[in-house]
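Here is what each chain is made of, one letter per residue.
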Amino acid sequence: MSIPFDYLIIGGGTAGLALAARLSEDSNCKVGVIEAGPYLPDEPLINTPANCTIVREGIYNWQIVTTPQQFGNNRSINLPCGKVLGGSSAINMMAYLRGSKADYDNWEALGNPGWNWTNLLPYFKKSETAFTQRAQDIFPGVSPSDVKQMEELSKEYRGSDGPLMVTYNSVHNPLVHASVKALNALGIPTNIAPEYGTATGVFNTPRTVDQVTQKRCYAVPAYLGEVNGRANLFIVTEAHATRVILSEDTASGTFFATGVEFISRGDTFLAHTSKEVILSAGALQTPKVLELSGIGNKGLLSSHGIRCLIDLPQVGENYQDHLGVTSMFELKPEADTVTGKPFFDISDVDILPTKHSGEGTVYVKTFNSSTFIKVASASAIASMLEKLDKDFASSNSTPLQKAQFEVYRSSIDSDIGTGEVVAIGARSIDGKPCMILSMAIQHPYSRGHVHIQSANPFVKPNANPHFLESSFDLDVLCTLTRFVRTVAETEPLKSIVLGPMIPPPSIESEEDLRNFVKNTFTTYFHSIGTAAMAPRELGGVVDPSLLVYGTHNLRVVDASIIPLHVATHIQATVYAIAEKASEIVTLVSTCIISAIGCGYH
């Protein structure tokens, strides 16, 4: 390409488009975005919120599948991630939640100055226009004083003029409210403001849906809506980035990124940059691009005939994800769902692409990110932790894993969510009305990897997350499965539930339950960590300014830099990372990096 860019961004997804929009605010900077997927602003599968469970399984994701998982009964698990302009923000479940304060403070504790709750809060706010909960949005268990306090603190914690529309569902399934009351009865209180730094308890989930149009509000309409005509912003779609071009500074032994090679419609192009290349390809693709560019484990690269320019063995390592399992309970015929029928009947699916209001259009759910102590007895927790400590002591852990373990282990008893319960509502299964409760572990101890398996850039990466390798992860999912059965047996749910369907009542023994989890778990599609932000000596790939170690001007800005998982859905966090990164890049360009208190090398 003949245009000399100031910044080249690989990946036009959640982080990439947010970053491009902010950097191109400077009319003197030319910003280029290279995106492998198509531009589909009018695609109903994307725009209609109720299609969220359909679109993620279709052609608009990379369709990456794990290797057979040794600790998951050798099952291969789908890892959906967006392959469309807008990335995973176009195919996700639209949940827009922040983690707890301690989750982000943990990043700083791993050696990343400036990456904590206090410093990230302005960027959470900058990304959003947050609507307050209306009277019909507020869940049971909230007092008038709680509502007043939320309104008073809203300006301090919520954004009012950002690009993303953050709203609350206007449709409430009676089963969701019944689930909230049952959770309250079990000692898990309603939290009216989880965005304020304590994301535990039961809460109504904010989501990225435009309240006026009832359409998905993702990175394309949000961040490109007002800037698509900027003369200094160039976006090429259906273009596959193959490598970053690196030039060695022989005096220092480090490298400058000078451009990006990409293939579009069978032709190879080279785009040049005068300032920076920024990788925003996501946790499953970013390590692949780094390795194809000669950055990674020297032995792995050599085995594929790639010259190793920077030996950085932790590229592609430290993979983490949230794992979930689902329970279903048969309802009595008289159970009150929505207008006397299941909330979402599969027979309605044909009309969803053109329907944007009324019943069935918005995916209704509530999230309960519970402190672990609420879902298990003290003796059960003590036994699990004893086993965890013993297993970790005998494992061959990396320095980063050891540091992570210390942080996670100390937070087990703190006010950070360890397990999540999602009350989805009702479905009709085999002609029977049933209620669905889904559960997920929030702080997994298992660590996996994502690497190239060929020098061919079109070959999918080898993804081996080592799901459930840590027996603690399996213990938590089993505990959560037992817990939701207790929820279903607690009033007011008890009066309308006939009994369990999945897992069936016959699954009672510990061994049977563990096999059920192994045979049915899936991911929540929250892949992170494969280009971890951490000190290089611990196993980090990028420093606190998001520069790849050994380079002067190659950064990573996406979920792969997250060093330690957070107890929440990650969309809001990724947007905040992009917002912060845009200021880092801009301030570096004007030599005032110290203004935002982050490290630099």
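This text gives an overview of the structure that appears in the document. (Residues numbered from 1 in each chain as written. Predicted model: local features only at pLDDT ≥ 70, side-chain atom pairs only at ≥ 80, totals over all residues. Heavy atoms only, no water.)

## Some details on the layout of surface pockets
Thought 1: Here the second largest pocket defines a volume of roughly 560 Å³.
Thought 2: Lining the second largest pocket we find 26 residues, and of these Ser395, Gln401, Tyr445, Arg447 and Glu469 sit closest to its centre.
Thought 3: Counting only elements with at least two residues in the lining of the second largest pocket, the list comes to helix 11 (378–393), helix 12 (399–411) and helix 13 (471–488).
Thought 4: Of the residues assigned to the lining of the second largest pocket, the class counts are 7 nonpolar, 15 polar and 4 charged. (1 Å grid on protein atoms, 1.4 Å probe; cavity = no way out; pocket = protein on both sides within 12 Å on 5 of 7 lines; lining within 4 Å. Points joined across faces, edges and corners; volume = space filled by probe spheres on them. Helix = DSSP H or I, 4+ residues; strand = E, 2+ residues; numbered from the N terminus. Nonpolar A, V, L, I, M, F, W, Y, C, P; charged D, E, K, R; others polar.)

## Brief notes about helix 11
Thought 1: Taking 1.5 Å as the rise per residue, helix 11 with 16 residues should run 22 Å; its terminal C-alpha atoms sit 22 Å apart, in good agreement.
Thought 2: Those residues of helix 11 that fall on the buried side of the exposure criterion are Ile381, Met384, Leu385 and Leu388. One side of helix 11 carries all its buried residues, which in axial view fall inside an arc of 100°. Exposed side of helix 11, more than 90 degrees from the buried face: Ser379, Glu386, Lys390 and Ala393 are the residues found there.
Thought 3: Elements that come into contact with the buried residues of helix 11 comprise helix 12 and helix 13. (Expected span 1.5 Å × (residues − 1). Buried < 20%, exposed > 50% of the residue type's maximum accessible area, 1.4 Å probe, protein only. Arc of directions from axis to C-beta. Contact = heavy atoms within 4.5 Å.)

## Some points on the nonpolar core
Burial of nonpolar side chains together is a common tendency in soluble globular proteins.
Thought 1: Formed by 160 residues in total, the largest nonpolar core has its most connected members in Trp107, Ile295, Met435 and Val557.
Thought 2: Setting aside chain neighbours within four positions, we find methionine 435 in contact with Leu175, Ser179, Ser327, Met328, Phe329, Leu331, Gly425, Ala426, Ala488, Leu493 and Val497.
Thought 3: With 7 residues, the next largest nonpolar core counts Val422, Ile424, Cys434 and Ile436 among its residues. (Core = buried A, V, L, I, M, F, W, Y, C linked by side-chain atoms within 4.5 Å.)

## A look at the pairing of strand 11 (residues 267–279)
Thought 1: Of the pairings in the sheet, the one linking strand 1 (residues 5–10) to strand 11 comprises 5 bridges and is parallel in character. When the bridges of strand 11 are listed, leucine 8 appears paired with valine 277.
Thought 2: Note that strand 10 (residues 254–264) and strand 11 share 6 bridges and pair antiparallel. Directly across from isoleucine 263, in strand 11, lies its bridge partner threonine 268. (Pairing = 2+ DSSP bridges.)

## Some thoughts on the packing of helix 1 (residues 14–23) against helix 15 (residues 571–589)
Two measures define how a pair of helices packs: the angle their axes make with one another and the distance between the axes.
Thought 1: Where helix 1 contacts helix 15, the axes come no closer than 9 Å and their chain directions differ by 35°. Remark: the crossing between helix 1 and helix 15 carries right-handed chirality. Within the contact between the two elements, helix 1 uses Thr14, Ala15, Ala18, Leu19, Arg22 and Leu23 and helix 15 uses Val574, Tyr575, Ala578, Glu579, Ala581, Ser582, Val585 and Thr586.
Thought 2: Its residues assigned to classes, the contact of helix 1 with helix 15 shows 9 nonpolar, 3 polar and 2 charged. (Axes fitted to C-alpha atoms, helices over the stretch in contact; angles between N-to-C directions. Left-handed = near helix turned anticlockwise from the far one by under 90°.)

## Points about the pattern of salt bridges
Thought 1: All told, the structure shown has 16 salt bridges when counted by the stated rule.
Thought 2: Among the ionic pairs, aspartate 475 bridges to lysine 387, the shortest N-O distance being 3.9 Å. Taken together, the residues aspartate 475 in helix 13 and lysine 387 in helix 11 connect sequence positions 88 residues apart.
Thought 3: Residues glutamate 510 and arginine 514 are paired through a salt bridge, measuring 3.4 Å at the closest nitrogen-oxygen approach. (Salt bridge = Lys/Arg side-chain N within 4 Å of Asp/Glu carboxyl O.)

## Notes on the packing of helix 4 (residues 101–109) against helix 5 (residues 117–126)
Thought 1: One way to put it is that helix 4 packs onto helix 5 with a least axis distance of 9 Å and a crossing angle of 115°. Along the contact surface, helix 4 presents Lys101, Tyr104, Asp105 and Trp107, while helix 5 presents Trp117, Leu120 and Phe124.
Thought 2: Looking at the contact of helix 4 with helix 5 residue by residue, the class counts come to 5 nonpolar, no polar and 2 charged.

## Quick word on unusual backbone geometry
Thought 1: The linkage connecting glutamate 491 with the following residue, proline 492, adopts the cis geometry, with an omega of 10°.
Thought 2: Assignment of secondary structure puts proline 492 in the loop between helix 13 and strand 20 (497–502).
Thought 3: Each neighbour pair has its own omega, and for isoleucine 502 with proline 503 the value is -10°, a cis peptide bond.
Thought 4: Within the secondary structure, proline 503 sits in the loop between strand 20 and helix 14 (510–520).

## Some details on the environment of glutamate 330
Thought 1: Residue placement: glutamate 330 occurs in strand 14 (residues 323–331).
Thought 2: It is 9.4 Å that separates the C-alpha atoms of glutamate 330 and alanine 426, two residues lying 96 residues apart in sequence.

## Things to note about helix 12
Thought 1: Helix length check: helix 12, at 13 residues, gives a terminal C-alpha distance of 19 Å against a target of 18 Å (1.5 Å per residue), a fit within 8%.
Thought 2: Along helix 12, the positions that sit buried rather than exposed are Leu400, Gln404, Phe405, Val407, Tyr408 and Ser411.
Thought 3: In this structure, the buried side of helix 12 is in contact with helix 4 and helix 11.

## Some points on the packing of aromatic side chains
Thought 1: Counting across every chain of the model gives 16 aromatic pairs.
Thought 2: A ring pair is formed by tryptophan 117 and phenylalanine 124, whose centres lie 6.3 Å apart and whose planes are at 35°; its orientation type is tilted. Phenylalanine 124 shares its class with tryptophan 117; the two are buried.
Thought 3: Here the aromatic rings of phenylalanine 262 and phenylalanine 269 are separated by 5.4 Å at their centres, their planes lie at 20°, and the arrangement is stacked.
Thought 4: You can call phenylalanine 262 buried: its relative accessible area is 2%.
Thought 5: Three or more aromatic residues link up through ring pairs in this structure, and these residues are Tyr104, Trp107, Trp115, Trp117 and Phe124.
Thought 6: Here the basic side chain of arginine 75 rests over the ring of phenylalanine 521, its NZ or CZ set 4.9 Å away from the ring centre. (Phe/Tyr/Trp six-rings, centres within 6.5 Å; stacked < 30°, edge-to-face > 60°. Lys NZ or Arg CZ within 6 Å of the ring centre and 35° of its normal.)

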